[in-house]
Each structure stands twice: as C-alpha cells, then as structure tokens.
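Here is what each chain is made of, one letter per residue.
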Amino acid sequence: MRRRLATLATCSLNQWAMDFEGNLRRIQHSIAAARKAGATYRVGPELEVCGYGCEDHFFELDTVEHCWEVLQELLVSDATHDLLVDVGMPVIHRGVLYNCRLLLLDGKVLLIRPKLHLANDGNYRETRYFASWKHKGQLEEHSLPRDIAAATGQSSCSFGDGVLCLADATLASETCEELFTPQAPHISLALAGVEVISNGSGSHHQLRKLDTRLDLIKGATAKAGGVYMYANQQGCDGGRLYYDGCACIAVNGGLVAQGSQFSLGDVEVVTATVPPRIHAPEEEIALGPACWLWDYLRRSGASGFLLPLSGGADSSCTAAIVGSMCQLAVKAIAAGDAIVAADAARIGQYAPGQAVADASELAGRLFHTTYMGTVNSSGATRQRAKVLAQEIGAYHVDCNIDSLVAAVVALFGSITGKTPRFRVDGGSNAENLALQNIQARLRMVVAFLLAQLLPWVRGRGSFLLVLGSANVDEALRGYLTKYDCSAADINPIGGISKADLRRFLTWAAVHLGYPHLAEVEAAPPTAELEPLREGIAPQSDEADMGMSYEELGLYGRLRKVSRCGPLAMFRQACSLWRERYTPQQVGWGVKHFFKFYAINRHKATVLTPSYHAESYSPDDNRFDHRPFLYNTAWPWQFRRIDALAADLPQQHHQQQQQQVKQQ
C-alpha cells in the first residue's frame, strides 16, 4: 500500500482593515512561502482580503468589490498554480452578504464556503453585517462577477458548505467561531470521512485564552482522527483587539506545528513541527500589548509615545510594556526582519545607513515620559519615575505644575469670590474632590501639549501618541477623573486587572531587566492628590474606593462573566466569602460597588481605546453595552439584598441544628 504524504501550510498574517494593497501583498508573501516549503494547500485568516475589523465598512458595496479585485489579482497570476489556496472575504450571494472562504486552484474558484455560525457576543457583531448559511449540506450555483469571468473564463462556481474531493484526500473548511460551537461542523465532517479540516480565524488575544483554543483544536481530531489546520490574523488591524496568531496544525489529537502567538512580523507560515507553547499571563502582558502598540505606532504616522509617568504601578506597567516593545523590535531586526528594521528607522528618524544600536537607544528616540509633580507629590514617586525611565532608556521630563493649579484656583476665586479647601484643611467633600480633579485634568492638558511639541523641541518631525494607564478595575469602579491622564490616545493596560499588573511588575523586574519595578510593586497605591499632614494617614486608593482590588476584581467577574445583577452577586459572594465576611458585610460591599458603578458608568462612554485582555472589561464601545444613567439607589434590588442578608444567619442556624439532630 502506497503511503500518502502531503505538505500543508497555514499562516498568521498582520492584516489591516481596508488596506487592500497591503493585505494582498501579505497574502502573496504567504503563498510564496507556502510554495517554497513544498505545500500543496495554503489556508489564511478569516476575512484576510479586507481585514477582519472593517466593521460598518462591510455595509459598503465598495468593500466587496475591492475584495473581488484582489481575488482577481491572485487568479490571473501564478499564485494558485498547482497550489490550493484558501482565502477569506465577504461575498454577496443572491442579495445576501456572507462571511466566506474561497478555495482557488489553477486560476479557478472551486468553492465558496459561507460561514454557518456567526460570532455575536463580547467584541463580535457579525450578525450586524453577515447572514449565516442556513442550507446545510446544500450547494447552489453562484454567478461570479463579470470581471472575474472575463479574466478567468469561469462564469460560476459552487456556493455552500461543501467538501472538496481531491486526488488523494478530502478537505473541508470551518471558520473561527464554528470551532467553539457545541455542534461544530468538524464533528459531522470527520464522521463523514473528511481527512483535512481547516479553520481560517480572526481570534483576539485575551489573557489565559490560548490553552482553551489549543484544547479545542486538538480535540477536533482526537476521536475521529485526521488533520486540523488553524490560521489566524496577528496584530492590531485598526481597533482595540490584538489578534494573536498562533497558526497551528493538529494531527490525530496531537499538536504537530505551532506558530508564534506574539510577533512584530507581517507574515508567518507554519509547516514545521514545534512543541506546544503557552505563555504565562505575565509574559502575555509583556508581549501582546507591546505588539499592539508597535502596530498602532507604525501605522499611525506618529514618531513615538508620550506617557505621564507617576511612579505608581499602572503607569510603570505601561512604561515596561513600551520597553518590551523596543526589545521585541531589536530582536526582530537582529533576526533579519527588514520590515521591522525599516519601520524602526522611519519612526525613530534615523539617518540613512544608521542602525538601531539596542533597545535602550531605540526607546530614547521613541519613548517620552514626564513626571508632573505638585506639592502633594512625594519624593519617592518622583525618584521611581526618574530611575525607571533611565532603565528603559526613555527621554524623561520632570516638571511641576503647581503654578497651573494655583492659576486655575485663582481664576475660580475671581469668578465666585470663594476659595476651595482640601478636606484636611476643613473643606467639604465637594471642595476636596474638585481640588484633586484640577490637578488630574491639568496633567492631561500638559501631556497633550508635550506630545505635540516635544518632537519639535528635539529637532524632529511628526507627533507623539499619548498613552493612558488606567487599569480595568478602576475603569469598572469609575475610580478615575473624567478627562484626566486616563484620557489619552490609546491605553495598553486598560483591559488588565490590578492583580495581574502587580504580578507583571514582579516578573518584568527580572525578565525585562528593569529592576526598579520591584520597588514600584512594593509601594502602596496612592493618587497623591491630597496634601500630607502630620498625624493623618496618606491617601490610599483602596481606602478611597471602599474596597480592595481583590474584591473589585471579583465584583467585575461576577457582573460580566457570571452575568450577575446586585442580588445574584450578593448570593454568589456570600458563598465565596462565607469564611471571611458576614452576610451583612457582603451585602454592604455589593451595594457599595453597584452604587459607585452606577454613579460612574458615564465615564465608560469616554474611556480611552484600550487593548482588550480581560473577560470583564467595562468597554462601552462594543464589549459591555449598558445604560450610563442609573437610579444609583437601586431601591428594589438593595431591599432584596437586605432582606436576604437578614434571613441568612437564621437559615444557617437552622441548618446547624438539623445537622446536630442527625448526628
């Protein structure tokens, strides 16, 4: 019996929404690499022709037309000669728009395979644009556009969830979400004898998500056997998501090939055998947001970043991620990546022939930090910011903004005849909060001023992108000033919890080579917006919020992931914290959280676009759709909590008595 051998290629492509020219170039590159590796089949990411994140551009007929133009370029060239090429793009069939796979061979379209199950939760709104294919197991004739017919001599092709019976194998497709559905198409396909199943995906990075995805991929062939090929987009295609690549191939339940999860490269084709690689969450934080920042920077036309660096945990994490970005760029350049080298030279405004020396030198060109102190700032945070900037290599500006604060307070006095005071000086809560917010908002104004003019000061062109550094927990609780330094161009840590960030600081101090981060992690979190007075404890974030970051993280997961309202959250928290708090204490905590969540929900409508990394993000743009005007007293819900809290101790006492009787 003759043994059948086949070389199959999957890939990760750094596609960019609506960049048809660049997308075509990357597709062609991947096809050439697959051919060079001896592959006879190449599968690419979901909607790779136009980019996955086109959003409402999918409503435009231009988008579909340009996709066919790109496809024509592939068909009339030798790209599909003796190579089965599987690409993703939107197709209109009988007046309905579908998310499709197109299988091409020798200048012909063999099959258009529409998506059966659409992603329509969390970050995804596919049903807004596409219809799912309802005629399972059926094929219809699809009329190809006139230009395609004229160029190829082919006027129509099959449309539906068909299977290709090739000379030595049978092959079929899935698309992204279909892998995750309970009745995944690969189940019936494998039982029907299909030997090779591919999945062109557009799947984003989320902390601790990859192992779930790999388990599903391996499980797809574990019982019935066969080959499962997974392709994915990689990089930032113009939005909040980072698509984390990791193209891979599984055979008979085992992973035989896996590409990188995080990379600055534009194209990665996978055919070789490598061991499975799952990053620790701290590594994911160092790599995912760093790659996202690099894509955003190189595609925005900016010449670098400006970060308000307070010396606290959050802004220090952001600084470390930028440092990681510079390290990744230098490694890619050393490995011979010409595209990364060209981007670094352009962004860093290197002279012709001048090479990037190291990550610290690159950071000195791209990364700008500023410590904006007031009389309420401590010498410790000022020093931490200075030393961390030095370790990374950033261009650092240390300044005081007391004169600006005094000017605004004086202006208010001239308008009203009154001068607000801090709480420690006898002022009201309203005065105290207003004086804190003045400092915070002025820092935002100064940050954007520096971002616009620091390149000019340094004799360079372009502008800087302002980085924010509010974490997901503070965004959920609303523990930030609207239009302060949380208001920025982009935020690499806006989807990451405080607990994960603190663990990242410890990890990065060693693995990124920034030892001062350990001192940052050990310091208590404080905004330093109120004066220090002898005998009065310094300002503390957790004291100001009325809850710990650990508790806030649990509230966030129960609210979003477990879909709990106030009453359901109280019930679950009572069970989880029964050894720690009384029902009354749990009830107070839950009510306190929902009160301030409701008061501050309006802030979520203007959150800086953030890297999506956490399952309980309050991102109002697409991930977490809620009202932003609530009855903050929650009278019905809170009465139910109070009644249940009062009843629980009695129920617990009765249960104990019953147990004694049974004994």
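The structure presented is a predicted model; accordingly, all values stated were derived computationally and were not measured.

(A) Here's a closer look at the overall build of the protein. Secondary structure summary: the protein contains 21 helices and 19 strands in total. Projected onto the principal axes, the alpha-carbon positions of the protein cover approximately 90 × 85 × 45 Å. A separation of at least 24 residues holds for 70% of the contacts in the protein among residues at least 6 apart in sequence. When the accessible surface of the protein is totalled, it reaches about 28,200 Å², and 55% of it is carbon and sulfur. Averaging the locations of the 62 positively and 68 negatively charged side chains of the protein gives two centres separated by 4 Å.

(B) Structural view of the sheet that holds strand β18 (residues 395–400). What the four strands build is an open sheet, ordered β18-β17-β16-β19; its pairing is parallel. Of all the strands in the sheet, the pair left with one neighbour each is β18 and β19 (465–466). Relative to strand β16 (residues 305–308), helix α8 (residues 313–334) is tilted by about 155 degrees, and along the sheet it contacts β16 and β17 (367–373).

(C) Representation of the pattern of salt bridges in the model. Within the structure shown, the criterion is met by 32 salt bridges. Across the pair Arg559 and Asp624 runs a salt bridge, and its minimum N-O distance is 3.0 Å. Here Arg559 is found in helix α18 (residues 549–560), whereas its partner Asp624 is found in the loop between α20 (583–600) and α21 (635–662), with 65 residues between them in sequence. Comparing Arg559 with Asp624 shows no difference in burial state: the two are buried. Members of the salt-bridge network, linked through shared partners, are Asp19, Arg26, Asp266, Asp295, Arg298, Asp343 and Arg346.

(D) Quick peek at the packing of α18 against helix α19 (residues 566–576). Packing of α18 against α19 brings their axes to within 10 Å, and their N-to-C directions diverge by 135 degrees. It follows that α18 is oblique to α19 by the angle criterion. Seen from above, α18 lies across α19 with right-handed handedness. Only Met569, Gln572, Ala573 and Leu576 of α19 make contact with α18, whose side of the interface consists of Leu554, Tyr555, Leu558 and Arg559. The residue inventory of the contact of α18 with α19, partitioned by class, reads six nonpolar, one polar and one charged.

(E) Fine view of unusual backbone geometry. Unlike most non-glycine residues, Arg94 shows phi in positive territory, near 50 degrees. When you line up the elements, Arg94 lands in the loop between β3 (84–93) and β4 (96–105). With a relative accessible area of 61%, Arg94 lands in the exposed category. We note that Tyr483 has phi near 65 degrees; this positive angle belongs to a residue other than glycine. Note that Tyr483 resides in the loop between α14 (472–477) and α15 (498–511).

(F) Region of the structure containing a nonpolar patch on the surface. Residues Leu449, Leu453, Trp456 and Val457 make up a contiguous nonpolar surface patch of roughly 440 Å² in combined accessible area. Of note, Leu453 is situated in helix α13 (residues 429–457).

(G) Summary view of the pairing of strand β6 (residues 139–143). By the alternation rule, side chains of β6 split into Glu140 and His142, which are all buried, and Leu139, Glu141 and Ser143, of which none is buried. In this sheet, strand β7 (residues 156–160) lies alongside β6 in antiparallel orientation, the contact comprising five bridges. Note that in β7 the partner of Leu139 across the bridge is Gly160.

(H) Region of interest: the side chain of Arg443. Position of Arg443 relative to the elements: it lies in helix α13. At 6.5 Å, Glu528 is the nearest oppositely charged side chain to Arg443, a buried residue that forms no salt bridge. Filtering out sequence-adjacent residues up to four positions away, Arg443 remains in contact with Met372, Gly373, Thr374, Ser377, Ile401, Cys485 and Leu529.

(I) The arrangement of the side chain of Glu551 in detail. Relative to the helices and strands, Glu551 is located in helix α18. Here Glu551 sits buried without a salt bridge, and the closest side chain of opposite charge, Arg580, lies 4.6 Å off (N-O distance). Residues within four places of Glu551 in sequence aside, it is in contact with Trp577 and Tyr581.

(J) Local environment of the domain arrangement of the protein. Annotation of the protein at the domain level lists domain 1 (8–274), domain 2 (279–523) and domain 3 (546–662). On a C-alpha basis, the centres of domain 2 and domain 3 stand 32 Å from each other. On the domain 3 side, the residues contacting the 27 residues of domain 2 number 24 residues. In total, about 2,200 Å² of surface goes out of reach between domain 2 and domain 3, with carbon and sulfur atoms giving 64% of it. Taken together, domain 2 and domain 3 are joined by zero salt bridges. At the junction of domain 2 with domain 3, the criterion picks out 12 residue pairs in polar contact (both at pLDDT 80 or more). Put simply, the parts of the chain that give the side of domain 2 that touches domain 3 at least two residues each are α7 (281–300), α14 and α15. In terms of residue count, α14 provides more of the side of domain 2 that touches domain 3 than any other element does, six residues in total. Of the residues in the side of domain 2 that touches domain 3, the class split is 12 nonpolar, eight polar and seven charged.

Rules behind the numbers
Residues numbered from 1 in each chain as written. Predicted model: local features only at pLDDT ≥ 70, side-chain atom pairs only at ≥ 80, totals over all residues. Heavy atoms only, no water. Helix = DSSP H or I, 4+ residues; strand = E, 2+ residues; numbered from the N terminus. Contact = heavy atoms within 4.5 Å. Areas by Shrake-Rupley, 256 points an atom, 1.4 Å probe, with all protein chains shown as cover. Lys, Arg positive; Asp, Glu negative; His and termini not counted. Charge placed at Lys NZ, Arg CZ, Asp CG, Glu CD. Pairing = 2+ DSSP bridges. Axes fitted to C-alpha atoms, helices over the stretch in contact; angles between N-to-C directions. Salt bridge = Lys/Arg side-chain N within 4 Å of Asp/Glu carboxyl O. Buried < 20%, exposed > 50% of the residue type's maximum accessible area, 1.4 Å probe, protein only. Parallel < 35°, antiparallel > 145°, perpendicular 65-115°, else oblique. Left-handed = near helix turned anticlockwise from the far one by under 90°. Nonpolar A, V, L, I, M, F, W, Y, C, P; charged D, E, K, R; others polar. Patch = residues over 30% accessible without salt bridge, like charges linked within 9 Å, V, L, I, M, F, W, Y side chains within 5 Å. Domains from an automatic or database assignment. Buried area = accessible area lost by both parts, 1.4 Å probe. Polar contact = N/O pair within 3.5 Å; in protein donor to acceptor, adjacent residues only side chain to side chain.

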